[in-house]
Amino acid sequence: MTGTSAPCTTRTVVEEQDRAACFQLRKEVFVGEQNVPEELEYDAYDTDAVHVIAVAADGSALGTGRLLHGPDAAAKTGGDLTVGSLGRLAVIKEARGLGVGVALVRAIEDAARELGLAAVDLHAQTHALGFYERLGYVAYGPEIPEAGISHRAMRRAL
């Protein structure tokens, strides 16, 4: 699957090489740029999550995201097992503004549909609310701090 205007292709991670690239991207963006403690960035959910990666034509990794589903997502979605939880969306600095994030969100939504989920929730950093609103997500609830950064819960029906 290819994003319509993004200079990348997205795929669900199955190979260990892709998985390692996802973790490296997350380290670069969240730990390196945003100063999220490394021990908070990686968690037990990584094992069963659906990971998606965006790659350039030359094969270099541009971005990643993950989808939690089932019991792993329930704690983040109010216990609703029909709702997945999108998270850890990261795009390298050089590729921002090119549609990579949009392609990743749509690929995660496609994975959620394949799992039979009815909606996707996420916790957006407050500076990114507009990005997710343009993709059809609606904010709800109060601002919540996560890793020292303000977030809002958002949801989009599929």
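Overview of the structure. Note that this is a predicted model, so its numbers are computed, not measured.

Moving on, we get to the side chain of Arg-66. In this fold, Arg-66 is placed in strand β3 (residues 61–68). Using a relative accessible area of 2% as the deciding quantity, one classes Arg-66 as buried. Reaching out from Arg-66, the side chain makes a polar contact with the side chain of Asp-43 at a distance of 2.9 Å. Excluding its chain neighbours within four sequence positions, the residues that come into contact with Arg-66 are Arg-26, Asp-43, Tyr-45, Asp-46, Ala-49, Val-50, His-51, Ser-85, Leu-86, Gly-87, Arg-88 and Ile-108.

Quick look at the environment of Ala-61 now. Inspection of the secondary structure puts Ala-61 in strand β3. Given a relative accessible area of 24%, Ala-61 falls into the partly exposed group. When the C-alpha positions of Ala-61 and Thr-12 are compared, they lie 13 Å apart, and in sequence the two are 49 residues distant. Here Ala-61 is in contact with Ala-21, Leu-25, Ile-53, Ala-54, Val-55 and Ile-92, once residues within four sequence places are set aside.

The rules behind the values
- Residues numbered from 1 in each chain as written.
- Predicted model: local features only at pLDDT ≥ 70, side-chain atom pairs only at ≥ 80, totals over all residues.
- Heavy atoms only, no water.
- Helix = DSSP H or I, 4+ residues; strand = E, 2+ residues; numbered from the N terminus.
- Buried < 20%, exposed > 50% of the residue type's maximum accessible area, 1.4 Å probe, protein only.
- Polar contact = N/O pair within 3.5 Å; in protein donor to acceptor, adjacent residues only side chain to side chain.
- Contact = heavy atoms within 4.5 Å.

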